[in-house]
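Analysis of the macromolecular model
Residue-level listing of the chains:
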There are 2 protein chains.
Amino acid sequence: MTTLLAVVPTFIARLWTEPLAQYAPWLKVVIHGQDDYKPEEIDYALGFRPPPGLFKTLPNVKVIFSLGAGVDGFLSDKDFPKQIPLVRFVDHTLSREMMQYVVLHTLMFHRTQRQFDRAQAQKQWAQMFPPRRTEDTRVGILGLGEIGTMAGEYLARLDFPVSGWSRTKKSVPDIKSFAGDGELEAFLGQSDILVCLLPLTPATYHILNKKTFAQLPKGAYVINAARGGHLVEDDLIAAIDSGHLAGATLDVFETEPLPATSPIWTHPKITMTPHVAAMTDPRVASRTVADAIAGHMKGAKLDNVVDFELGY
Amino acid sequence: MTTLLAVVPTFIARLWTEPLAQYAPWLKVVIHGQDDYKPEEIDYALGFRPPPGLFKTLPNVKVIFSLGAGVDGFLSDKDFPKQIPLVRFVDHTLSREMMQYVVLHTLMFHRTQRQFDRAQAQKQWAQMFPPRRTEDTRVGILGLGEIGTMAGEYLARLDFPVSGWSRTKKSVPDIKSFAGDGELEAFLGQSDILVCLLPLTPATYHILNKKTFAQLPKGAYVINAARGGHLVEDDLIAAIDSGHLAGATLDVFETEPLPATSPIWTHPKITMTPHVAAMTDPRVASRTVADAIAGHMKGAKLDNVVDFELGY
């Protein structure tokens, strides 16, 4: 029997085993840390943040599936068996969740919802025009993959001028493309709202730093929905407190859960959410993975295989 | 010389006179309550909430322009000269602002942003899935005019199932159409998020009432971005406090500014904003009105003329 090892928190294991049992009864599912299994019986594996060294102990594993769009949690495993294909989770539902998050927080800033929240708390009727017209509020998206493109296209339909920055030039209607290190400064200089949706790789680690913030226009807003490792948190707070940046929305942090001592919790110009921008839904992902396994067993080509050199 | 009477608050008169002087120098603009003028010299008039009885004193006025999409502030004038065409302000910018507001508050509820706000204030890392999948969160829009259609189309692109209710049946891709009193209950019964964008007329006055709320599914959310007269505020609060409704976002109120004594200010499940969902931008509207006047002087047909029977 074909056996799948699920490396998921045991308290949510049922969320994976139940839909898999129903949708793919031909697949034996074992839960890491809960079920006994022999390393050699594992044919496929799925996980989000697997313990380092685990995958190299599986001699017969054929494909490893990431449950997130980002695979930095796998690549940080020095012993990851790079001869085994690693598949990123690319799914319309996940991309759509991320797009909703980006649209929500772009509009909360653009439409000054936090000012209205404060006015309500103070019982003040404070009518005001949005300080900047939509047509003059330039959104810059770091990372023009599946998710960044989808978010950019949607924001363009709301009339925001949208640009994107990526490793290679992209051609997407309504999104101005900037590419490579040489065009980063020009891209930043025209981004009133900067949205980070990059994969976390050695090349993008700490890309949101003091120098980056200084290159943004005064009054810019930062949204990080990618990985905590992209951001130098102290640099962000300094750039906000100096008045150069208007504020930020953060979904991801260098350390998660965010430590109670972090000044981010109470910063009046930072909205933080606990890594919820796009959560992989087991009901959806279990089918995606089962279909990919069935296809692979029949010899079909795998989609979304990670390039270990690029890191995504 | 062609003379336009602007019935606007005098402290913002400059926002109107300056762009009009630049864009339409052939037009003489007088501000009601600030400039002296003879009633018989007025050819055209614009305003938002004109004092009752004013327009009947203008013997030569040819067209009256509303600065808002809703014209209830004109129709409540018992002496309004109904032989004079009244033109509603229909403008992409205004519709787009309203659409942004509806998208913002739909997503704030759907993505449980208020729970995340509270968790941040308490320094709690509270990860959770959205309680309902987007595909299962049905948005019902009361009023499928220009603005309601645009908002519905955008929400459908975020994967919400969208329906609309209007006086007559509409055919809009991706929006299920319900029409007339006979289909109101069926429409409400399948609206998890109810958005009111209706014109305020005798037929829609207090349409958001106890009976309406009882017909919504348990846990429904209400967004009123139309007019305060649509809503029985006490009925809304009772429906929320009973646990039947999850909450509401209100931009408009029976009395504006909202009185300090209103329980709406401090209700933990109500987000209130001070009638800012879509504010007519003088820089845009002055051109729209000047163009319409120039067209009318050349004999062109007026667009968006109000039907006094229907009230919009």
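1. Points about the overall build of chain A
Looking only at helices and strands, one finds 9 helices and 12 strands in chain A. The C-alpha radius of gyration of chain A comes to 21 Å, within 12% of the 20 Å expected for a compact globule of 312 residues. Each principal axis of the C-alpha distribution contributes one length, and for chain A these read about 65 × 45 × 35 Å. Relative to its 312 residues, chain A shows a buried fraction of 56%. Just so you have it, chain A exposes about 13300 Å², and 53% of that area is on carbon and sulfur atoms.

2. A look at the relation of the copies chain A and chain B
Mapping between the two copies of the chain is achieved by a rotation about an axis and a shift along the axis. Expressed as a screw transformation, the operator carrying chain A onto chain B has a rotation angle of 180 degrees and an axial translation of 0.0 Å, and the superposed copies differ by an RMSD of 0.1 Å. Both copies are brought into coincidence by an operation consistent with a two-fold rotation axis. Rotation axis and chain A: the residue whose C-alpha lies nearest the axis is Leu104 of chain A, separated from it by 2.8 Å. By residue overlap, the copies meet face to face through one surface: 100% of the interface positions of chain A are interface positions in chain B.

3. Points about the pattern of salt bridges
A full pass over the atoms with the stated rule returns 36 salt bridges over all chains. Measuring nitrogen to oxygen at the nearest pair gives 3.5 Å for the salt bridge that ties Asp192 of chain B to Arg132 of chain B. In this pair, Asp192 of chain B sits in the loop between helix H6 (184-189) and strand E9 (193-196) while Arg132 of chain B sits in the loop between helix H4 (113-121) and strand E6 (139-142), placing the two residues 60 residues apart along the sequence. On the basis of relative accessibility, which here comes to 25%, the residue Arg132 of chain B falls in the partly exposed class. Residue Arg283 of chain B is joined to Asp281 of chain B by a salt bridge in which the shortest nitrogen-to-oxygen separation is 2.9 Å. Classification of Asp281 of chain B by relative accessible area gives buried; the value is 10%. In this structure, a network of salt bridges that share partners links the residues Arg96 and Glu97 of chain A together with Arg111, Arg133, Glu135, Asp136 and Asp159 of chain B.

4. Focus on the sheet that holds strand E4 (residues 63-66) of chain B
Sheet strands associate in pairs through backbone hydrogen bonding, adopting either a parallel or an antiparallel arrangement. Residue and element names in this part refer to chain B. Strand order in the open sheet formed by 5 strands is E2-E1-E3-E4-E5, with parallel pairing between adjacent strands. Across the chains shown, the open sheet's two edge strands, defined by having one partner strand only, are strand E2 (27-31) and strand E5 (86-87). Bridge analysis of strand E1 (residues 2-7) against strand E3 (residues 44-47) gives 4 bridges, and the strand direction is parallel. Note on E3: the bridge partner recorded for Ala6 is Leu46. Against the sheet, helix H1 (residues 13-23) touches E1 and E2, its axis set at about 175 degrees to E2.

5. Some remarks on the packing of aromatic side chains
Residue and element names in this part refer to chain B. Considering all chains together, one arrives at 15 aromatic pairs over all chains under this definition. On the numbers, 5.7 Å between centres and 45 degrees between planes, the contact of Phe80 with Phe308 is tilted. In this pair, Phe80 sits in the loop between helix H2 (72-75) and E5 while Phe308 sits in the segment after helix H9 (282-297), placing the two residues 228 residues apart along the sequence. Judged by relative accessible area, Phe80 falls into the buried class, the value being 5%. Accessibility expressed as a relative area gives 21% for Phe308, which makes it partly exposed.

6. Focus: the interface of chain A and chain B
Taken together, the 59 residues of chain A in the interface contact 60 residues of chain B. Across the chain A/chain B interface, buried area totals approximately 4900 Å², and carbon plus sulfur atoms make up 60% of it. Three residues, Arg111, Gln120 and Trp125 of chain A, lead the burial of chain A against chain B; their summed loss comes to 17% of the area buried on that side. Our count for the contact surface shared by chain A and chain B stands at 8 salt bridges.

7. Remarks on unusual backbone geometry
Geometrically, the link from Glu256 of chain A to Pro257 of chain A is a cis peptide bond, its omega value of -10 degrees lying close to zero. Among the structural elements, Pro257 of chain A can be located in the loop between strand E11 (245-250) and strand E12 (270-272). At Thr112 of chain B, a position not held by glycine, the phi torsion is positive, near 50 degrees. Within the secondary structure, Thr112 of chain B is located in the loop between helix H3 (92-110) and H4. Its identity as a non-glycine residue notwithstanding, His275 of chain B has a phi of 55 degrees, on the positive side. Structurally, His275 of chain B is set in the loop between strand E12 (270-272) and H9.

8. What about the confidence of the model for chain A?
Per-residue pLDDT for chain A has a mean of 95; in total, 100% of the residues score no lower than 70. Under the prediction, the complex receives an ipTM of 0.92, its pTM being 0.93.

9. Details of H9 of chain B
Residue and element names in this part refer to chain B. Between the first and last C-alpha of H9 there are 22 Å, a value that for 16 residues agrees with the 22 Å anticipated at 1.5 Å per step. For H9, the full list of buried residues reads Pro282, Val284, Ala285, Ser286, Val289, Ala290, Ile293 and Gly295. In this fold, the buried residues of H9 make contact with E1, H1, E2, E3, E4 and H3. The residue sitting at the N-terminus of H9 and contributing the capping side-chain oxygen is Asp281; that oxygen lies 2.9 Å from the backbone nitrogen of Arg283. Residue Gly299 follows H9 closely and has a positive phi angle near 90 degrees.

10. A few points about the sheet that holds strand E7 (residues 162-166) of chain B
All names here are of chain B. Pairing within the open sheet is parallel, and its 7 strands lie in the order E8-E7-E6-E9-E10-E11-E12. Two strands lie at the open edges of the sheet, namely strand E8 (175-179) and E12, each paired on one side alone. Across the sheet, the axes of successive neighbouring strands diverge by a mean angle of 15 degrees, strand direction being ignored. Across 4 bridges, E6 lies against E7 in parallel orientation. Bridge pairing links Ile141 to Gly164 in E7. The sheet contacts of helix H8 (residues 233-241) involve strand E10 (220-224), strand E11 (245-250) and E12, and relative to E11 the element is tilted by about 145 degrees.

11. Quick look at the environment of Arg132 of chain A
Residue and element names in this part refer to chain A. When the C-alpha positions of Arg132 and Asp91 are compared, they lie 34 Å apart, and in sequence the two are 41 residues distant. Look past the residues within four positions of Arg132 in its chain and what remains in contact with it is Phe109, His110, Thr137, Asp192 and Gly219. There is a polar contact of 3.5 Å between the side chain of Arg132 and the side chain of Asp192.

12. Comments concerning the pairing of E11 of chain B
Residues and elements named next belong to chain B. E11 sits mainly inside the fold: 5 of its 6 residues count as buried. The pairing of E10 with E11 spans 5 bridges and is classified as parallel. Looking across to E11, one finds that Tyr221 is bridged to Gly247. Since E10 and E11 lie parallel, the crossover through H8 that links them has a hand, and here it is right-handed.

Rules used in this analysis
- Residues numbered from 1 in each chain as written.
- Chains lettered and ligands numbered in written order.
- Predicted model: local features only at pLDDT ≥ 70, side-chain atom pairs only at ≥ 80, totals over all residues.
- Heavy atoms only, no water.
- Helix = DSSP H or I, 4+ residues; strand = E, 2+ residues; numbered from the N terminus.
- Rg over C-alpha atoms; globule rule 2.2 N^0.38 Å.
- Buried < 20%, exposed > 50% of the residue type's maximum accessible area, 1.4 Å probe, protein only.
- Areas by Shrake-Rupley, 256 points an atom, 1.4 Å probe, with all protein chains shown as cover.
- Least-squares fit on C-alpha atoms with pLDDT ≥ 70 in both.
- Contact = heavy atoms within 4.5 Å.
- Salt bridge = Lys/Arg side-chain N within 4 Å of Asp/Glu carboxyl O.
- Pairing = 2+ DSSP bridges.
- Axes fitted to C-alpha atoms, helices over the stretch in contact; angles between N-to-C directions.
- Phe/Tyr/Trp six-rings, centres within 6.5 Å; stacked < 30°, edge-to-face > 60°.
- Buried area = accessible area lost by both parts, 1.4 Å probe.
- pLDDT = per-residue confidence, 0-100.
- Expected span 1.5 Å × (residues − 1).
- Polar contact = N/O pair within 3.5 Å; in protein donor to acceptor, adjacent residues only side chain to side chain.
- Right-handed = clockwise from strand over helix to strand, strands pointing away.

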